[in-house]
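Residue-level structural notes
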Amino acid sequence: MIHAQNLVRRFELKNETVHAVRGVDVDVAPGEVVAFLGPNGAGKSTTLRMLTTLLPPSDGTATVAGFDIRNEPVEVRRRIGHIGQGNGSFDGLRVQEELQIQGRFYGLDRGTARVRARELLDQLDLSEQADRDVARLSGGQRRRLDVAMGLIHRPQLIFLDEPSSGLDPQSRANLLEHIRRLHRQEDVTIFLTTHYLDEADAVAQRVVVIDDGRIIADGTPDQLKSKVSGDLITVTLQGPEDLPTAAEVAGRIPTAHEIEPGSDRVAFRVEHGDTAMPELIRALDAAGLVMRGAHVQRPTLDDVFLNLTGRSLRDED
Amino acid sequence: MNLITSTGSVFDRELRAKIRTPWPYVEALADPLLLLILFAPLVAGLGDMPGLPATDTIQWFVPGMLVLMAFTTSAFIGSGIQEERQAGSLERMLVTPVNRVSLLLGRVLRVVVIVAVQSVVVVAVTVPFGLRVHPDGILVAILQLGVLAAALGIASLVTGLTLQNAYAFWGVIAIFYTPIIVTSGALLPMDLAPDWLFAVSRINPLAHVVEAQRTLFVGDFADSSIVLGFVVALAVAAAGVLIGTRAMNRIRL
Ligand SMILES: Nc1ncnc2c1ncn2[C@@H]1O[C@H](COP(=O)(O)OP(=O)(O)OP(=O)(O)O)[C@@H](O)[C@H]1O
Ligand SMILES: [Mg+2]
């Protein structure tokens, strides 16, 4: 569905050249849901803009939905939906007006556009807002309208650029549910960018990680996580004086590594954290230490990113 | 999507976006109508002067006000496309197969239609105050105002697309607004102007259309100013469409 080779995009500014994308290769098969993950400025939007024919690449080639992005941009546009990072709708128009006219931009006749718009408003829980000025929508409703506009022509492939940025957790969960359902029911190929790790985890079967214009990892969430060795165990103690003993006790667990004492807690990685935990508690008990808490965490994509780049994703947010 | 159906859809969207608020029309009509009420009496008070009729000021003043009305309706629409570019809705439309030039032409078509309607309204309210209209002349006059609105509208859109930021756009408007209005000859006749100012008025498209409008209202079809008015407006429109087409084909967001 997407086949990109060595996509490069430079921006020539007055006194510098920005290398936004430095050579991206991606292949996405029909029906896949791929999350494009990376920190601010990594080149996610720029890559998406090239794939959606908004921006010509400085170098490289890509076919999207079977057509070349450079030579057949209109054929590409007919077949894809793009939900950009900004607001797709404009104040002063009503929800159903924006949606129906969007349908007509794709060549639907008035009647078909009206029917399809109603169907989408229903699917995305916007029927009640159909006659409302888009300026009077909540952030989540407005985002769902963007999604509806991207789907009006039943595209085979949709691109979503940070679909849930700026939404509260509930609206986010709701939007992600809509995206998952879209994939289940209509078999649409989905390519979405995000900096939320849990979002990538929740909707995508495959995660492509981009950093500084280059792809640094590509795989299923589980494959990526398996690169991080082991689960993270954190035990909270009574006070700093207990730290050395606790670290020593933890070190006695055969697979324990990356032991890091904090102010009042010790964190370390271990294989099979769930089974290591009771053993640890007994050992700490025997050493006469009192614990205030203990916590096992499976590797997250944040750990993956840290592992790949030496930087945390969260710090960049 | 072909150019005509695309333009129709864009026109529809534009019309709906601005039909439920009176402000675009207040903005467009306030200036010309207020000048008609406040300034026309002063002109009438001047009496016999070169370029001015001794009596019957309204016959001289209204055609000029229609040209100013066409200007205030169409010359600011470039800021609208800037706003949509900023928001992201322009980007959303650029990813559809819609003909990109129609994104400009649909907007232009709206101001053409609005100018035609507003012209009829202005003429209808001034006829009771003594404005005489030549039946064929008025039809051609409204057609010409439409062409002028199209020319100014496309020029404004091209300016908005090229300058990108709102401060630059309104800065350019501020620089050109007064010279365009003053040298159009809509307020006072350019016959009063010193040579250099008269020369400036010759490169102002509005000045030629103002003269053509006055001739059209009295139905003096033999006068060459009518053709000149059309030629000037069409030339600006053609240049605008050419530059606008290039700008839309190269647009980067
Ligand atoms: N039009 C432009 N002109 C100059 N530089 C640009 C332009 N667009 C993007 N860049 C630069 O290219 C780099 C990549 O930007 P891009 O928008 O693709 O990042 P992103 O991964 O989408 O980031 P975010 O998560 O913040 O949206 C950044 O350094 C940005 O400043
Ligand atoms: Mg981005």
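Per chain, residue numbering runs from 1 following the sequence as it is written. To label them, take the chains in the order written and letter them from A, then take the ligands in the order written and number them from 1. Note on the predicted model: pLDDT of at least 70 is required for a residue's local features to be given, and 80 or more for side-chain atom pairs to be given and counted; whole-chain, interface and lining totals, by contrast, use all residues. Processing note: side-chain calculations cover all non-hydrogen atoms of the structure and skip hydrogens and water entirely.

This part takes up the packing of aromatic side chains. Residue and element names in this part refer to chain B. When the centres of two rings from Phe, Tyr and Trp lie within 6.5 Å, Trp using its six-membered ring, the rings pair. Their planes under 30 degrees apart give stacked, over 60 give edge-to-face, and anything left gives tilted. Tallied over the full model, the rule gives eight aromatic pairs over all chains. Considering the side-chain rings of Phe 71 and Phe 76, the 6.3 Å spacing of their centres and the 75° angle between planes classify their relative orientation as edge-to-face. Both residues of the pair, Phe 71 and Phe 76, belong to the buried class. With a centroid separation of 5.6 Å and 45° between ring planes, the pair formed by Phe 76 and Trp 170 is classed as tilted. Here the residue Phe 76 occupies a position in the loop between α4 (57-74) and α5 (78-87), and Trp 170 occupies one in helix α9 (residues 166-183), the gap between them amounting to 94 residues. We call a residue buried when its accessible area falls under 20% of the maximum for its residue type, exposed when it is over 50%, and partly exposed in between, using a 1.4 Å probe and counting protein chains only. Owing to a relative accessible area of 37%, Trp 170 belongs among the partly exposed residues under this scheme. Put simply, the rings of Phe 71, Phe 76, Phe 169, Trp 170 and Tyr 177 pair up and form one aromatic cluster. The helix and strand labels rest on DSSP assignments: H or I over at least four residues marks a helix, E over at least two residues marks a strand, and numbering proceeds from the N terminus.

Moving on: the site of ligand 1. Residue and element names in this part refer to chain A. Every one of the 15 residues lining ligand 1 counts as a neighbour, but Asn 40, Gly 41, Lys 44, Ser 45 and Thr 46 are closest to it. Under this definition, polar contacts are N or O atom pairs within 3.5 Å; protein pairs additionally need one hydrogen-donor-capable and one acceptor-capable atom, and for neighbouring residues in sequence, both atoms have to be side-chain atoms. One of the side-chain N or O atoms of Thr 46 is found 2.5 Å from an oxygen atom in ligand 1. Within the contact set of ligand 1, an oxygen atom lies 3.0 Å away from a side-chain nitrogen or oxygen of Glu 162. For the accessible areas, the method is Shrake-Rupley and the probe is 1.4 Å, while residue cover comes only from the protein chains on display. The protein chains hide 68% of the 640 Å² of surface that ligand 1 would expose on its own. At the level of secondary structure, the elements contributing two or more residues to the shell around ligand 1 comprise β2 (17-28) and α1 (44-51). In terms of residues, the shell around ligand 1 owes the most to one element, α1, which gives three residues. Polar here means any residue outside two lists: the nonpolar Ala, Val, Leu, Ile, Met, Phe, Trp, Tyr, Cys and Pro, and the charged Asp, Glu, Lys and Arg; Gly therefore counts as polar. Split into classes, the residues belonging to the shell around ligand 1 amount to six nonpolar, seven polar and two charged. Being near a molecule or strand, for a residue, comes down to having at least one heavy atom within 4 Å of it.

All names here are of chain A. Spatial ordering of the open sheet is given by β6-β7-β8-β3-β9-β10, a layout of six strands whose pairing is mixed. Every interior strand has two partners, whereas the edge strands, β6 (80-83) and β10 (214-219), have only one. Neighbour to neighbour, the strand axes of the sheet diverge by 15° on average, direction disregarded. We call two strands paired when DSSP finds no fewer than two bridges between them. For strand β3 (residues 33-37) and strand β8 (residues 189-194), the ladder comprises five bridges, and the chain directions are parallel. Lines fitted to the C-alpha atoms define the axes, with helices restricted to the stretch that makes contact. Angles between their N-to-C directions range from 0 to 180 degrees.

Residue and element names in this part refer to chain A. For the pair helix α9 (residues 243-251) and helix α10 (residues 273-286), the least separation of the axes is 10 Å and the interaxial angle reads 135°. One way to sum up the angle between α9 and α10 is to call them oblique. Between α9 and α10 lies a crossing of right-handed hand. Only Leu 280, Ala 283 and Leu 284 of α10 make contact with α9, whose side of the interface consists of Ala 246, Val 249 and Ala 250. Taken together, the residues of the contact of α9 with α10 sort by class into six nonpolar, no polar and no charged. Should an angle fall under 35 degrees it is taken as roughly parallel, and over 145 as roughly antiparallel, whereas 65 to 115 is taken as roughly perpendicular and any remaining angle as oblique. Helix crossings are classified by the rotation of the near helix relative to the far one: an anticlockwise turn of less than a right angle makes the crossing left-handed, while a clockwise turn makes it right-handed. We call two residues in contact whenever any of their non-hydrogen atoms come within 4.5 Å of each other.

We now examine the environment of Phe 90 of chain A. Here Phe 90 of chain A lies in the loop between β6 and α3 (95-105). Classification of Phe 90 of chain A by relative accessible area gives buried; the value is 17%. Separated by 43 residues in the primary sequence, Phe 90 of chain A and Asp 133 of chain A place their C-alpha atoms 9.1 Å from one another. Apart from residues lying up to four places away in sequence, Phe 90 of chain A is in contact with Glu 98, Val 134 and Arg 142 of chain A together with Arg 13, Glu 83, Glu 84, Ala 87 and Ser 89 of chain B.

Moving on, we get to the nonpolar core. The biggest cluster of nonpolar side chains holds 48 residues, and the ones touching the most others in it are Leu 51, Val 64, Phe 159 and Phe 191 of chain A. The residues contacting Val 64 of chain A, other than those within four sequence positions of it, are Met 1, Ile 2, Leu 51, Ile 69, Val 76, Ile 80, Leu 157 and Phe 159 of chain A. Only buried Ala, Val, Leu, Ile, Met, Phe, Trp, Tyr and Cys residues count toward a nonpolar core, and they belong to the same one when joined by side-chain atoms within 4.5 Å.

All names here are of chain B. Remark: helix α11 (residues 205-218) packs on helix α12 (residues 225-250), axes separated minimally by 8 Å, with the N-to-C direction vectors making an angle of 145°. Read as a crossing pair, α11 and α12 show a hand that is left-handed. In this structure, α11 contributes Pro 205, His 208, Val 209, Glu 211, Ala 212, Thr 215 and Leu 216 to the contact, and α12 contributes Ser 225, Ile 226, Leu 228, Gly 229, Val 232, Ala 233 and Val 236. Counted by class, the contact of α11 with α12 contains nine nonpolar, four polar and one charged residues.

Residues and elements named next belong to chain A. Distances define the donors: N, O and S atoms within 2.8 Å of the metal qualify, as do those within 3.2 Å of Na, K or Ca. Water is excluded, so some sites may look unfinished. For the magnesium ion (ligand 2), the protein coordination sphere consists of Ser 45 (OG) and Gln 85 (OE1), at 1.9 to 2.4 Å. One end of the pair, Ser 45, is in helix α1; the other, Gln 85, is in the loop between β6 and α3, and 40 residues separate them in sequence. Classification of Ser 45 as buried rests on a relative accessible area of 16%. Given a relative accessible area of 40%, Gln 85 falls into the partly exposed group.

Taken domain by domain, chain A consists of domain 1 (2-225) and domain 2 (229-298). Between the C-alpha centres of domain 1 of chain A and domain 2 of chain A the distance comes to 43 Å. All domain edges in this entry derive from an automatic or database-based domain assignment.

Our next topic: the pairing of strand β1 (residues 2-12) of chain A. All names here are of chain A. The pairing of β1 with β2 spans nine bridges and is antiparallel. Following the sheet pairing, Arg 10 is matched in β2 by His 19. The turn joining β1 and β2, which pair antiparallel and follow one another in sequence, is formed by four residues. In this structure, β1 lies alongside strand β4 (residues 59-64), joined through five bridges in antiparallel fashion. What sits directly across from His 3, in β4, is Thr 63.

Before going further, it helps to examine α4 of chain B. Because each turn of an α-helix spans 3.6 residues, side chains separated by three or four positions end up pointing in the same direction. For a helix, the expected span equals 1.5 Å multiplied by the number of residues minus one. With 18 residues, α4 of chain B ought to run about 26 Å at 1.5 Å a step, and its terminal C-alpha atoms sit 26 Å apart, in line with that. Burial runs high along α4 of chain B: 17 of the 18 residues are buried.

Chain B puts 26 residues into the contact, and the matching count from chain A is 31 residues. Here chain B and chain A share an interface that buries about 2,600 Å² over both sides, 55% of which is from carbon and sulfur atoms. For any pair of parts, buried area is found by adding up, for both, the accessible area (1.4 Å probe) each one loses once the two are put together. Together, Arg 92, Val 95 and Pro 97 of chain B form the three largest contributors to the area buried by chain B at its contact with chain A, with a combined 26%. Within this document, salt bridges are pairs made up of a side-chain nitrogen of Lys or Arg and a carboxyl oxygen of Asp or Glu, the two lying within 4 Å of each other. The tally of links between chain B and chain A comes to seven salt bridges. The salt bridge partner of Arg 104 of chain A is Asp 12 of chain B, with a shortest N-O separation of 2.8 Å. On inspection of chain B and its partner chain A, the count reaches 11 residue pairs in polar contact (both at pLDDT 80 or more). Secondary structure elements with two or more residues in the side of chain B that touches chain A: α1 (3-17), α5 and α6 (89-94) of chain B. Counting residues per element, the side of chain B that touches chain A draws most heavily on α1 of chain B, at seven residues.

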